[in-house]
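Chain by chain, the residues:
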Amino acid sequence: MRIEIILNGKKVAFDVKNDEFLADTLRANGVFSVRKGCDTTCCGLCTIWIEEKPVLSCAILSIRADGKNITTMEGLHKEAEEFAQVLVAEGSEQCGFCSPGFIMTVLAMKRELKNPTEEEIIHYLTGNLCRCTGYLGQLRAIKKYLGVA
Amino acid sequence: MKFVGKSIPKIDGMAIATGKPVYTEDMAPPNALVIKLLRSPHAFARIRSIDTSEAEKLENVACILTYKDVPDRRFTLAGQSYPEPSPYDRLILEEIVRYVGDEVAIIAATDEVTAEKAMKLIKVDYEVFEPVLDFEKAIDHHSIIHPETDLHCNFDIGMEQGRNIVSSQKVEVGDVEEELKKCDVVVEETCYTQAQSHGMMETYRAFSYLDHTGRLVVVSSTQIPFHVRRQLSRALKLPASKIRVIKPRIGGGFGGKQTGAVEIFAAIVTLATGKPAKIIYDRKETFTATNSRHAMRLKVRLGADKEGCIRVVDIQGLSDTGAYGEHASTTFGVVGQKTLPLYNKTKAVRFMGNVVYTNKMPAGAFRGYGATQGTFALETAVNKLAEKLNMDPTELRLKNLIKEGETSLVSDGIKLGSSTLHKCIARGRELIGWKDKYPRQEVDDNKVRSLGMAVTMQGSGIANIDTASAEIRLNDDGNYTLLIGSTDMGTGSDTILSQMAAEVLETSVDNIIVHAADTDISPYDPGSYASSTTYVTGMAVVKAAEDLKRQIIESGARILELSADEVEFDGQRITNLNGDKEISLEKIAELQVLGFGGKRQLLGNATHGSPVSPPPFIAGFAEVEVDKETGKIKLIDYVAVIDCGTVINPNLATIQAEGGLVQGIGLAIYEDVRYDEGGRMTTNSFMQYKIPTRKDIGNIRIVFEESFEPTGPFGAKSIGEVVINTPAPAIIDAVYNAVGVRLTKLPITPEKLFLAMEQTRILNHQ
């Protein structure tokens, strides 16, 4: 089946199979910031936005994305870089494999929550797993980036 | 110092954080064949017959390989320096399968759907044997897991194939049994550690192709490119000169990628078809068909006099290596090596036991590598001893632990070079509020808060075995290229090695191009494991940079027609002592490469290995809250005071420490490994196998109590592994202090704690 999506503000069309997931479609078309880390929709690595809301692209059938606005890190580059700089200054990107999904969730949170508390930040990001950092450096970076205590 | 000790951001940080295509899968050619593996559904069986004819008829299937199609030379997947201590006990595919998940057939097709379809069409008839699933029953079990006659050990590791024993070890100094008789107090504790899963976010993956000269190129997410080249050479009967292994950015390793899990399958498909091929493991395969920590049973006996001097340490162990012997003897040996030197007022120490084969997933290297298991057992016993002696556990340790300049019974007279461990204990005790909070405080009727602590040591590289080479050259326009073979897996080692080179050459990190790791280009390095990169490769980099610096000074002096001791180099120019003659680094570079400086590009190089493996130390303190009604354990606060020698990059060291502690917290209270009765691992996804999320960790505080290690680069030791060791014993002790139940089988989940508390209640009632 052929789907048409707005990918990072640009209209594109992809031929997809009926049982194909969006994460695979995006990767197959060169959107490499989308990563897969589990088979069970629980690691958060493949987080993208559909209509500005963070979703797990490994759990969305590509045909369901037809006609939708899809945002990946490639489309948020300046904003993603701004936060990434804070993350990297903290040393808390470590292996970096989970960073794009994590950053997509952080930037969605920034839009959704005004001056989030530490508890709210942790809760919002619970679905983004990281095995390297122990999460604390990420939290320090988020607080610096958002300017919250 | 300008660069050492500074929190310089990782040189690859922005690329990896912003999703650039720099990992293995991102680089695979789009036309690469997709490889899938048919795996054994049985824990122990022989393939009676295998029929691939239907599968081969499928259009777009490129090749299907079975045990009939692979070379007959046994090898090990363990990434270790040659001659590997791990037995050559596996073939690429074999008639016998030894665990649920063992490979039966390799399928390559132009697309994933076809490969999976083909896999379903392969018919296999198995003769099923009784598996050995309980490692405590493995020795002399009537099922012999490795009966083959062509199994090979490079040297004696105490293998007894007919008894399922891979390795048998004993180290004893003094007479343990005699000394125990003289002790006023003796405690005994038996501890079990589970086969923890690495859970790195990037699963195992590799791709391969033939280059323009027909050589095999393997690009892999690996910690051990040079070892992989040697493995492939042996297993495929291909000269190493025909193989190139490249490591791109890696999405985490933790030791898992110190075993060559997938490269061999990509390589053999490329050789069989001449085509590029890629293999990407899914999470289930990563959990069930790669490697894990060695599960162990460790029985510790400690003897002390009534003043609290520890006189005897005796550890008797049993380790489960699973179906194959990767890292079997060495992880076990490390249990003793990283525990026996700690308490050095001893009169007798012993470490002994066996490593056994079972029909479960093979174990391998995992951060801590036996020291984690040993620390858990030893420190749990030391905490028990403190209670029995009615001594504060911190005081017991301050009284008995080894100090700088001292020896231990097992140190062969070599004095400990650096340690601030006693300071670490004192500092940690203060930070956690030991005086006020130890051992427990009731929060309400159900909840109680309590403290526990533990100490640990690791090593820095493998003494007399790890050797790393480094090259650094002065390029034609005055910048440098640093060539190393170590494998930054996210730790930031490429960055800290460039910090060291920059410090020596008095240049900026930006002025150094770092290249790693590619077996065609990099100088030899065993890879990043055994906490070796900062300490061993680091020293090679320092020596190579010093070598180059000397050459730059000599070149500058020669051009200025002076002698080398008449000039100074400030990183940018060579000047004479009066300051009236000078030449820039750029000019020297240009003249050396292009002009009249001798037409010899300046290249510094060095190979370094250390006769010692100086231990980093940690004192870890846990504060937990236990819900007595449910058994729920909440980690409130963890303080780790660390002596890793000089801290080269504080931010990166801090993150390493935080991440390692959280992995240790997972080991202690969350990460359970379960098999069903048939030997199938049931904890095969992040849904069943729980790694800590950001809600599960509480507060963690890292403090560095620096020492100066005389044999390390700028005084550095290591940080990568030691950080995982203290949480399990410290948390288990805190839980004991909360509810009076000492659980010694990891992980201590709420269910286990609840049941144990119930049992204690019933016993007390009776």
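Residues numbered from 1 in each chain as written. Chains lettered and ligands numbered in written order. Predicted model: local features only at pLDDT ≥ 70, side-chain atom pairs only at ≥ 80, totals over all residues.

Novice: Explain the overall build of chain B here, please?
Specialist: Helix and strand content of chain B: 19 helices and 27 strands. A compact globule built from 766 residues should have a C-alpha radius of gyration of about 27 Å, and chain B, at 27 Å, falls within 12% of that. When the 766 residues of chain B are sorted by exposure, 60% land in the buried category. A sequence separation of at least 24 residues applies to 79% of the contacts in chain B between residues at least 6 apart. (Helix = DSSP H or I, 4+ residues; strand = E, 2+ residues; numbered from the N terminus. Rg over C-alpha atoms; globule rule 2.2 N^0.38 Å. Buried ≥ 20, exposed ≤ 12 C-beta atoms within 10 Å, placed from the backbone. Contact = placed C-beta atoms within 7 Å.)

Novice: Is there a simple way to think about the interface of chain B and chain A in this case?
Specialist: Between chain B and chain A, the residue contacts involve 43 residues of the former and 38 residues of the latter. Elements with a contribution of two residues or more to the side of chain B that touches chain A: α1 (13–17), α8 (283–288) and α17 (650–669) of chain B.

Novice: Hey, could you run me through the domain arrangement of chain B in this one?
Specialist: Residues and elements named next belong to chain B. Domain annotation of chain B identifies domain 1 (13–129 + 198–288), domain 2 (132–196 + 294–391), domain 3 (417–460 + 614–766) and domain 4 (467–609). For domain 1 versus domain 4, the separation of C-alpha centres amounts to 38 Å. In this assembly, 20 residues from domain 1 lie in contact with 14 residues from domain 4. For the side of domain 1 that touches domain 4, the secondary structure elements donating two or more residues are α6 (225–236) and β11 (243–246). With four residues, the top contributor of residues to the side of domain 1 that touches domain 4 is α6. Classifying every residue of the side of domain 1 that touches domain 4 by side-chain character gives six nonpolar, ten polar and four charged. (Domains from an automatic or database assignment. Nonpolar A, V, L, I, M, F, W, Y, C, P; charged D, E, K, R; others polar.)

Novice: It is not clear to me how the pairing of strand β1 (residues 33–39) of chain B should be interpreted in this structure. Could you clarify?
Specialist: The side chains of a regular strand alternate, first on one face of the sheet and then on the other. Residue and element names in this part refer to chain B. Most of β1 is tucked away, with six of its seven residues classed as buried. In terms of strand pairing, β1 meets strand β12 (residues 277–280) through two bridges, oriented parallel. When the bridges of β12 are listed, L33 appears paired with A277. Here β1 runs beside strand β5 (residues 103–109); their pairing, made up of six bridges, is antiparallel. Within β5, the position partnered with R39 by the bridge is E103. (Pairing = 2+ DSSP bridges.)

Novice: I keep staring at the domain arrangement of chain A and nothing clicks. Help me out?
Specialist: Residue and element names in this part refer to chain A. Its domain assignment divides chain A into domain 1 (2–74) and domain 2 (76–146). Taken together, the contacts link 15 residues of domain 1 with 15 residues of domain 2. Secondary-structure elements contributing two or more residues to the side of domain 1 that touches domain 2 are β3 (47–50) and β4 (53–56). If you tally residues by element for the side of domain 1 that touches domain 2, the top one is β3, at three residues. The residue makeup of the side of domain 1 that touches domain 2, split by class, is seven nonpolar, five polar and three charged.

Novice: Sorry, what's going on with the sheet that holds strand β2 (residues 10–15) of chain A here?
Specialist: By way of backbone hydrogen bonds, the strands of a sheet pair with one another, either parallel or antiparallel. Residue and element names in this part refer to chain A. Read from one edge of the open sheet, five strands run β2-β1-β5-β3-β4, paired in mixed fashion. Here the strands that pair on one side only, and so sit at the sheet edges, are β2 and β4. Going across the sheet, the axis of each strand differs from the next one's by a mean of 40°, ignoring polarity. Pairing between β3 and strand β5 (residues 69–71): two bridges, direction antiparallel. (Axes fitted to C-alpha atoms, helices over the stretch in contact; angles between N-to-C directions.)

Novice: Would you mind showing me how to read unusual backbone geometry here?
Specialist: If a residue is not glycine, its phi is most likely negative; likewise, a peptide bond is most likely trans. Geometrically, the link from Y82 of chain B to P83 of chain B is a cis peptide bond, its omega value of -5° lying close to zero. Looking at the secondary structure, you find P83 of chain B in the loop between β3 (61–65) and β4 (96–97). The omega torsion of the bond from Y438 of chain B to P439 of chain B falls at -5°, within 30 degrees of zero and hence cis. As for its position among the elements, P439 of chain B is in the loop between α13 (434–437) and β16 (440–442). Within the chain, Q94 of chain A stands out as a residue other than glycine whose phi angle is a positive 40°. With respect to the helices and strands, Q94 of chain A occurs in the loop between α2 (77–89) and α3 (99–112). You can call Q94 of chain A buried: it has 32 C-beta atoms within 10 Å. Located in the positive-phi region is S531 of chain B, a residue other than glycine, with phi close to 50°. Within the fold, S531 of chain B resides in the loop between β20 (512–515) and α15 (533–559).

Novice: Where do I start with the environment of L743 of chain B in this structure?
Specialist: Residue and element names in this part refer to chain B. Mapped onto the secondary structure, L743 falls in the loop between α18 (727–739) and α19 (750–765). Judged by the 22 C-beta atoms lying within 10 Å of it, L743 is buried. In contact with L743, other than residues within four places in its own chain, are I732, V735, I748, K752, L753 and A756.

Novice: What am I meant to see in the nonpolar core here?
Specialist: A general tendency of soluble globular proteins is for nonpolar side chains to be buried together. Counting residues in hydrophobic clusters, the biggest one holds 289 residues, and the most contacted among them are A501 and V735 of chain B. Those residues in contact with A501 of chain B, other than ones at most four positions away along the chain, are I472, Y480, L482, I512, V541 and A545 of chain B. (Core = buried A, V, L, I, M, F, W, Y, C linked by C-beta atoms within 7 Å.)

Novice: Sorry, what's going on with the sheet that holds β1 of chain B here?
Specialist: Residue and element names in this part refer to chain B. Strand order in the open sheet formed by seven strands is β3-β5-β1-β12-β9-β10-β11, and the pairing between neighbours is mixed. Bordering the open sheet on either side are β3 and β11, each of which pairs with just one other strand. Averaged over all neighbouring strand pairs, the angle between strand axes comes to 20°, with direction disregarded. Where α6 meets the sheet, it contacts β10 (216–220) and β11, and its direction lies at approximately 145° from that of β11. Against the sheet, helix α7 (residues 263–273) touches β1, β3, β5, β9 (205–210), β10 and β12, its axis set at about 25° to β9.

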